[in-house]
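# Breakdown of the fold
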Amino acid sequence: MKIFIPLFVAGAVLLASCTKSDSTPSISTANLIIKFKFDSTQMRLNNIGQPSTITAGNAAQSPIMNKMGAHYIELSPTAITPLGSGAVLYRATETTVGGANAIDFEQEKMAGNNEVFFQMPLKDVPTGTYEWFRISLAYQNGDLKYRVDTTINGIAINQDFTGTLAGFIGFNSYIKSFTVKTQTTAVNANKKQGFWGFETTMAYAGVNYPYSNTGQSVAGATTVVNPIFATSPIPAGSCVVTAAFVPGKLTITGTETKDIIIEASFSTNKSIEWNDTYANGKWEPLKGEQLVDMGIRGLIPTLK
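Attention in this report is confined to the structure presented alongside it.

Conventions and cut-offs
Residues numbered from 1 in each chain as written. Predicted model: local features only at pLDDT ≥ 70, side-chain atom pairs only at ≥ 80, totals over all residues. Heavy atoms only, no water. Phe/Tyr/Trp six-rings, centres within 6.5 Å; stacked < 30°, edge-to-face > 60°. Helix = DSSP H or I, 4+ residues; strand = E, 2+ residues; numbered from the N terminus. Buried < 20%, exposed > 50% of the residue type's maximum accessible area, 1.4 Å probe, protein only. Lys NZ or Arg CZ within 6 Å of the ring centre and 35° of its normal. Salt bridge = Lys/Arg side-chain N within 4 Å of Asp/Glu carboxyl O. Contact = heavy atoms within 4.5 Å. Pairing = 2+ DSSP bridges. Axes fitted to C-alpha atoms, helices over the stretch in contact; angles between N-to-C directions. Core = buried A, V, L, I, M, F, W, Y, C linked by side-chain atoms within 4.5 Å.

## Some remarks on the packing of aromatic side chains
- Under the criterion given, the structure shown has 18 aromatic pairs.
- With a centroid separation of 4.8 Å and an interplanar angle of 10 degrees, the aromatic rings of F36 and F117 are classed as stacked. Separated by 81 residues along the polypeptide, F36 in strand β1 (residues 31-39) and F117 in strand β8 (residues 116-121) bring together distant segments of the chain. Across the pair, F117 and F36 agree in class, each one buried.
- Judged by centre distance (6.4 Å) and plane angle (75 degrees), the ring pair of W196 and W283 falls under edge-to-face. On the criterion of sequence distance, the pair formed by W196 in strand β14 (residues 195-204) and W283 in the loop between β19 (272-275) and β20 (291-293) is long-range, its members being 87 residues apart. There is no split in this pair, since W196 and W283 are both buried.
- Taken together, the ring pairs in this structure connect F36, F38, Y90, F117, F118 and F266 into an aromatic cluster.
- Taking NZ or CZ as reference, K109 lies 5.8 Å from the ring centre of F117, over its face.
- Over the ring of Y278 we find K287; its NZ or CZ atom is 4.7 Å from the centre of that ring.

## As for the pattern of salt bridges
- Scanning all chains against the criterion turns up eleven salt bridges.
- Where E273 meets R44, a salt bridge forms, and the shortest distance between an N and an O atom there is 2.9 Å. Taken together, the positions of E273 in strand β19 and R44 in the loop between β1 and β2 (58-61) put the pair 229 residues apart, joining distant regions of the chain.
- What you see here is one network of salt bridges that share partners, running through R44, E273, D293 and R297.

## Quick look at the side chain of S136
- Turning to its location among the elements, S136 is positioned in strand β10 (residues 132-152).
- When its relative accessible area of 3% is taken as the criterion, S136 is described as buried.
- Sequence-distant contacts of S136, defined by excluding residues within four places in its chain, comprise A70, H71, Y72, C239 and V240.

## So, the sheet that holds β19
- One open sheet holds the three strands; their spatial order is β2-β19-β20, and the pairing between them is antiparallel. Here the strands that pair on one side only, and so sit at the sheet edges, are β2 and β20. For this sheet, the mean inter-axis angle between neighbouring strands, taken without regard to orientation, is 40 degrees.
- Bridge count for β2 against β19 is four bridges, and the pairing is antiparallel. Looking at the pairing, Q61 lines up with I272 of β19.

## Overview of the nonpolar core
- With 59 residues, the main nonpolar core has F36, F133, L137 and F266 as its most contacted residues.
- Filtering out sequence-adjacent residues up to four positions away, F266 remains in contact with F36, K37, F38, D39, Q42, M68, I135, L137, I296, G298 and L299.
- Counting residues in each nonpolar core, the second largest holds nine residues, with A166, V180, V187 and F195 among its members.

## Things to note about the sheet that holds strand β6 (residues 102-104)
- Taken together, four strands build an open sheet; the order of strands is β5-β6-β12-β13 and the sheet is mixed. Two strands in the sheet have a free side with no partner beyond their single neighbour: β5 (94-95) and β13 (184-192).
- The sheet contact formed by β5 and β6 spans two bridges and is antiparallel. Counterpart to E94 in the pairing with β6 is I103.

The structure is reproduced here in structure tokens:
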């Protein structure tokens, strides 16, 4: 049996349907996305954002970065906005298990080159116009070259090798344990900025020689680039890297319908620096050459 719906009834249903749909507010699914990039050709800067040279008596190299961790992200409206008074988007888990307040390394977020580190709905970002991007870095892991010029088990070795460095550059990190590449080291303590671990396997004359070590650079030696240090300083020992947005300021209206991507490009240009005791420009950890600086050498936050 066929059922016929009067034309005026069908029209009324359609009209009601359209009216209901049109009155329902749309929910934006657009996100603010922060991606990491590592660039060894980017300008090498000092603590106040000026071009930097290598300290006399030291040597440096650009690591091949594997990943990086951060524990704090803030959008700052002006150069005079105090740290913490802007729009704080992210703060990682902290703990007092090791005594003083510290970043909980076990729960720390990581990202590699061209990977997304953080994202949040744009509707949840405080509206406003922001000139500066601030991110507190906490950890980095990268590969670097080193020199071995010694005798091991009666075998003379004179060769360059590649190893992996894990550097803790946050203000304070509580570390249960950490793995540089394959070997895990138990710590169960707080470690201040500048703590590091190194791991490698030297393959020579058909024999593998594993080597690992940990160390601590001196307080205040880690470079933290902040070009607005005079008007918006950061606490000593922290790693809040600061830079102005490119190509212009970031404006959040709350009505965005498309994603906004911030590409945080970090300068790794000769960012690993050591005391070059043997004056050959090569890091020789087996001869006791000490790392003095693992600080990222600049930041360019590009809006896309």
